[in-house]
Amino acid sequence: MSARNRELLGLIPASLLVTAGFAAVFIERGSLSQDQLSEASLTYGAIFLGLCVAAHVFLRIALPHADPYLFPLVAVLACFGLVMIYRIDDTLARQQAQWFVVGLILFAATIVFLRDYRKLEQYRYLIAAGSLVLLCMPRLPLIGAQVNGAYLGIRIPGVMVFQPTEFAKLGIVVFLASYLRDTRQVLVVGARRVLGVTLPPLKHFGPLLVIWGMAMLLLVVIRDLGSSLMFFGAFLALLYVATNRLSFVLIGLVLFGIGGWYLSTTVPHVIDRVDVWMDPLNPQRYQVEGFQIANSLFAQADGGLFGRGFGGALLRTPFDSPLLPAAETDLIYALIVNEVGLVGAVAVLATYLLFVQRGFKIALLARDSFSTLLAAGLSAVFALQVFVIVGGVTNVIPLTGVTLPFISYGGSSILANFVLLALLLLVSDKARRPEERARGALR
Amino acid sequence: MNVAIMRLFAAIVVLFVILVAWTSRWSVFEAQALRDNSLDKRPLFTALRVKRGAIRAADGTVLARSVRARRGDIWARDYPTGSLFGHPVGYANLIQGQLSGLERSRNDELSGTTSELNSIIDQLQGKRRAGNTVVTTLDPDAQRVATDRLSGQKGAIVALDPRNGAVKVLASSPGYDPNVVRDPEQLRALNTDDANAPLFDRVTQGAYPPGSTFKVVTAAAALDSGKVTPDAPVLDGNTPRIVSGVPLRNDDGVSRGQIDLTEALTYSVNTAFAQLGEQLGKQTMDDYMRRFGFYSLPPLDYPSDQMVASGERGPRGRLIPVTSPLVDVGRMAIGQDKLAVTPLQMAMVAAAVANGGTLMKPRLTDKVVDPDGRTIKTIEPQEHSKPISEQTAEQLTQMMGRVVDEGTGTAVQLPGIDVAGKTGTAETNPAQDITQPWFIAFAPATDPQIAIAVTVENTQNGFGGTVAAPIARDVLASLLDG
């Protein structure tokens, strides 16, 4: 079976899931009669399937050799997220569905205009600088938006609160993939052993120190431990893939640890986050700082092994104040555990892991260093984003405000992650083209 | 780079395993501890959204029901009969997590808590969880008579059907209106009113000296153990008599010579019963008291911390067995010494005698009805114990009939109905003539349908025959009328 036909088959489970999911929500609400029920949930299922098929037809024409599993995996995640958001609020779900349409358009545009994605390398410093500017913009007056003490949003009046971290992560990965492609040889060859530790040469170590400094600065500027962990983690992952030197990673981790420790004992907002992380159920902090994480844990306990079913979780108190704050964004994973239980949550995590696995597979298949580093970097940053938010919600690490890709509500997240998907598919298509394969075999 | 990519993927798999482990930790392994955490308001909010079932009297009168709250998507509790049924019904103040009375003891049925399986089936059928209606055995007319007759005094009345244990009247005065309990300020005021203790259920929690009503227990032990017969003149009715080194007098000061048990009970002769108690001995008295239910919580469907066990109480208020050296069994036999007995326990004594020696479990609930009107649970009459033989019960019935016909309890006489009873007057403060009158009875004596216990706290020179017996008469009249 051809790759594209496999992709088409892969879309069937996604459309079944979205139809069944909407039906479950309607049943729980008890708001529709039997006829309306099948009609409405089938309509949602049909529209979703239509969008997926349109994207599939586009891929068939534009990227016939691209990995066939990535897009269906994204469709499963996206439709699951849509059901969860619909269950919270139909208006949000409608907006989310519109963002999906815009996201698919951006996805197609990326594939059309970045067909030769390697020209991104020429603009690497521009991209890096642009990403850093984007990251710092939430601190600017008037347009900056502070949420829970972190500076993660830029207000675009009437449209959305734009989350620059989502796009900056792509820019940074593109820059690093390009920079490390050039320097990876010198980093390895020029390395010296000092006191039993392999150190990269100072000349090239310098830029890496700069990147570490950036990550720390980021921590101070946007005050978000999770985002800087995601960026720095992606940097270390790429550094490791490029140099194959574990010592570099260890040095990086130690440096990040020192910086993180220093900041978590001096910056008040970070101190609070760490305190709550250490003792999430402390009654003294429950009402304010601890409310979010404590209720995240309570919601997960309420879900248990099999969950309460779509629509079964309690999101607001009877007096209409939120019981699970930011259920559609930061805490959506807690709601997933609450409604579909540990079993459903593990299925979601497995879907992410499959996505990441396909990403790395693309990196392995790619024929040039930049493509390999780009695919590996995008996959790593994607995986780390999942780890940072799910780890935050489950209190593995302090809770921070990044989105769960393709599931959380939010335009920036959807748009950026569709661009990420487009880049992975572009790399994949190039790597799997028959002529490329043949060239690889000849080499 | 390929090896590094593979290792990187392995590292990411490890990170995801950590995520699964932590999710399992909260959702499964530590879930129970989290659900029990008082910070988590989910169980409360879920409960508030359930329409709690009604509580009804035996005739269908609504005693408690759910109404839409003024604020929020929740239900509030309304008690249409106000303070009339405050004690037996209790109150449900879910927001403060406070429940009492039947609202507490029947909380599972009222809140509709059923098995996990049933709730899954209901969910599939699209049913919203709803509470069940609890139909009680209570009789509103008689409860009103009892409450009216106690108003302005502190006291307790409990009446039940000796044949099946159904409690018809459970009145404790002063009462309280469960409608005001939802206001935390008012609840605090009720809780701190130590002088009146309106929330205190005197029927099940009031532990009083039973006075001469306890002579029924002594007589039962004497007859059932075969030590005496009703009409053998073997008891010394002269006064005073030295009991445990201290002289004991008859209430009326009359020396009655050698008398039989019937006469001793009819005229409530202290000296004769003290002699009887000493003859029976501590062990026999202990045995018979336990058979009647003393020394354990009454088997009523009522919250256990709203009931106390009856018996001798030691210096620190703890229950001590009759066999303890601290007990003066002669004085205990006439209801004095350190006896602390609830009105419910004395009603159970009367009920056992009335029901041919078989004590039925007292109960407040008749059945549980689901929201669709189907009876899902019927509380069947259950035998609790058989303290005395049928013959003993019959002999005691005749003796207690004499008490009402010609003895201390003539005030309870009802036209056309023969009542069997026993008066009691505990001297709570002899120096100021403060007494606690008692009356226990059952009627009709030939075919007992109701057993009753009445007591009034701190009356000025009141007697069981003059204060408590007339109240019992009115409640009996109301119950036997219908």
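Conventions we followed
Residues numbered from 1 in each chain as written. Chains lettered and ligands numbered in written order. Predicted model: local features only at pLDDT ≥ 70, side-chain atom pairs only at ≥ 80, totals over all residues. Heavy atoms only, no water. UniProt positions renumbered as here; feature names shortened; annotations may be inferred. Patch = residues over 30% accessible without salt bridge, like charges linked within 9 Å, V, L, I, M, F, W, Y side chains within 5 Å. Areas by Shrake-Rupley, 256 points an atom, 1.4 Å probe, with all protein chains shown as cover. Salt bridge = Lys/Arg side-chain N within 4 Å of Asp/Glu carboxyl O. Helix = DSSP H or I, 4+ residues; strand = E, 2+ residues; numbered from the N terminus. Contact = heavy atoms within 4.5 Å. Buried area = accessible area lost by both parts, 1.4 Å probe. Polar contact = N/O pair within 3.5 Å; in protein donor to acceptor, adjacent residues only side chain to side chain. Nonpolar A, V, L, I, M, F, W, Y, C, P; charged D, E, K, R; others polar. Buried < 20%, exposed > 50% of the residue type's maximum accessible area, 1.4 Å probe, protein only. Pairing = 2+ DSSP bridges. Disulfide = S-S within 2.5 Å. Core = buried A, V, L, I, M, F, W, Y, C linked by side-chain atoms within 4.5 Å. Phe/Tyr/Trp six-rings, centres within 6.5 Å; stacked < 30°, edge-to-face > 60°. Lys NZ or Arg CZ within 6 Å of the ring centre and 35° of its normal.

Labelled according to an unreviewed UniProt entry, chain B appears under the name Peptidoglycan glycosyltransferase, originating from Conexibacter arvalis.

Looking at an unreviewed UniProt entry, one finds chain A named Cell division protein FtsW (Lipid II flippase), with Conexibacter arvalis as its source organism. Comment text from UniProt for chain A, heading Subcellular location (unreviewed entry), reads "Membrane".

Quick notes on a nonpolar patch on the surface
Residue and element names in this part refer to chain A. Together, L8, L49, V53, V57 and I61 give the surface a local cluster of nonpolar side chains, amounting to about 390 Å² of exposed area. Residue contributions to the nonpolar patch peak at four residues, all from helix 2 (residues 34–62). Here I61 lies in helix 2.

Describing the environment of A445(B)
Residues and elements named next belong to chain B. With respect to the helices, strands and loops of the structure, A445 is situated in the loop between strand 20 (434–443) and strand 21 (450–456). Residues A445 and M400, 45 residues apart in the sequence, show an inter-C-alpha distance of 8.9 Å. Among residues more than four places away in sequence, those in contact with A445 are T397, D418, V419 and A420.

Overview of the interface of chain B and chain A
The parts lose accessible area when they come together, and the size of an interface is often stated as this lost area. Between chain B and chain A, the residue contacts involve 38 residues of the former and 53 residues of the latter. Buried area between chain B and chain A, summed over both chains or domains, comes out near 4,100 Å², and the portion from carbon and sulfur atoms is 78%. The largest per-residue losses of area from chain B upon contact with chain A belong to M1(B), F16(B) and R42(B), which jointly make up 19% of the total buried on that side. Where chain B meets chain A, there are zero salt bridges. On inspection of chain B and its partner chain A, the count reaches six residue pairs in polar contact (both at pLDDT 80 or more). Secondary structure elements with two or more residues in the side of chain B that touches chain A: helix 1 (2–29), helix 2 (31–36) and helix 3 (42–49) of chain B. Counting residues per element, the side of chain B that touches chain A draws most heavily on helix 1 of chain B, which supplies 20 residues. Here the side of chain B that touches chain A is composed, by residue class, of 23 nonpolar, eight polar and seven charged.

A short note on the environment of A177(A)
Residues and elements named next belong to chain A. Mapped onto the secondary structure, A177 falls in helix 6 (residues 164–189). On the basis of relative accessibility, which here comes to 0%, the residue A177 falls in the buried class. Expressed as a C-alpha distance, the spacing of A177 and R94, which sit 83 residues apart in the sequence, is 37 Å. Not counting residues within four places of it along the chain, the set of residues in contact with A177 comprises L238, F370, L373 and L374.

What about the pairing of strand 6 (residues 133–136) of chain B?
As a general feature of sheets, a regular strand has side chains that alternate between the two faces. All names here are of chain B. Residue alternation in strand 6 divides its side chains into two sets, T133 and V135 and V134 and T136, and both sets are buried. Bridge count for strand 1 (residues 55–56) against strand 6 is two bridges, and the pairing is parallel. Looking across to strand 6, one finds that I55 is bridged to V134. Bridging between strand 6 and strand 16 (residues 365–369) involves four bridges; their strand directions are antiparallel.

Digging into the pairing of strand 20 of chain B
Residues and elements named next belong to chain B. For strand 20, the buried fraction is high: 10 of the 10 residues fall into the buried class. Alternating residues of strand 20 divide into I434, Q436, W438, I440 and F442 and T435, P437, F439, A441 and A443, and every residue in both groups is buried. Counted along the chain from strand 19 (residues 420–429) to the antiparallel partner strand 20, the turn is four residues long, and its residue D433 has a positive phi close to 60°. Here strand 20 runs beside strand 21; their pairing, made up of six bridges, is antiparallel. Looking across to strand 21, one finds that F442 is bridged to A451. Where strand 20 folds back onto strand 21 in an antiparallel hairpin, the turn is made up of six residues.

Description of the pattern of salt bridges
Note on pairing: side chains with opposite charge can pair once their charged atoms come close. For the structure shown, the criterion picks out 33 salt bridges over all chains. Residues K377(B) and E109(B) are paired through a salt bridge, measuring 2.7 Å at the closest nitrogen-oxygen approach. Linking K377(B) in strand 17 (residues 375–378) with E109(B) in helix 6 (residues 107–111), this pair joins segments that are 268 residues apart in sequence. You can call K377(B) partly exposed: its relative accessible area is 36%. Using a relative accessible area of 12% as the deciding quantity, one classes E109(B) as buried. Put simply, R202(B) and E457(B) hold a salt bridge, and the shortest N to O gap is 2.8 Å. Linking R202(B) in the loop between helix 9 (184–192) and helix 10 (215–224) with E457(B) in the loop between strand 21 and strand 22 (459–460), this pair joins segments that are 255 residues apart in sequence. Connected through salt bridges with shared partners, the residues E121(A), R124(A), R181(A) and D182(A) form a single ionic network.

Points about the state of the cysteines
Residue and element names in this part refer to chain A. In this structure the tally under the stated criterion is zero disulfides over all chains. C52 takes part in no disulfide bond, and the closest cysteine sulfur to it belongs to C79, at a distance of 7.6 Å. Among the residues examined, C79 registers a relative accessible area of 0% and is labelled buried.

Section: the nonpolar core
Within the largest apolar cluster, 146 residues are counted, with the highest numbers of intra-cluster contacts made by F107(A) and L404(A). Setting aside residues up to four positions removed in sequence, L404(A) forms contacts with I332(A), Y333(A), I336(A), Y352(A), V386(A), I389(A) and V390(A). Formed by 93 residues, the second largest nonpolar core is a distinct cluster that contains L63(B), L199(B), V269(B) and F273(B).

Comments concerning the UniProt feature "domain: Penicillin-binding protein transpeptidase" (unreviewed entry) in chain B
Mapped onto the present numbering, the UniProt feature "domain: Penicillin-binding protein transpeptidase" (unreviewed entry) falls at residues 155–476 of chain B. Between the end C-alpha atoms of residues 155–476 of chain B the distance is 17 Å, and the span holds 30% helix and 22% strand.

Examining the sheet that holds strand 6 of chain B
Spatial ordering of the open sheet is given by 3-2-1-6-16-17 (chain B), a layout of six strands whose pairing is mixed. In this open sheet, the two strands that pair with only one neighbour each are strand 3 (75–78) and strand 17 of chain B.

A few points about the packing of aromatic side chains
For the coordinates displayed, the defined rule picks out 19 aromatic pairs over all chains. Here Y91(B) and Y176(B) contribute two aromatic rings whose centre-to-centre distance is 6.0 Å and whose plane-to-plane angle is 85°, an arrangement assigned as edge-to-face. Of this pair, Y91(B) sits in the loop between helix 4 (86–89) and strand 4 (92–93) while Y176(B) is found in the loop between strand 8 (167–173) and helix 9, placing the two residues 85 residues apart along the sequence. Grouping residues by exposure puts Y91(B) and Y176(B) together as buried. Look at F214(B) and F294(B): their rings are 5.7 Å apart centre to centre, the planes differ by 90°, and that puts the pair in the edge-to-face class. Of this pair, F214(B) sits in the loop between helix 9 and helix 10 while F294(B) sits in the loop between helix 12 (270–292) and strand 13 (311–312), placing them 80 residues apart in sequence. Assigned by exposure class, F214(B) and F294(B) land together as buried. By the ring-pair criterion, three or more aromatic residues cluster together here, those being F71(A), F100(A), F107(A), Y352(A), F355(A), F382(A), F406(A) and F418(A). Residue placement shows R68(B) over the ring face of W75(B); its charged tip is 4.3 Å from the ring centre. In this structure, R290(B) packs its charged tip against the face of Y295(B), placed 4.4 Å from the ring centre.

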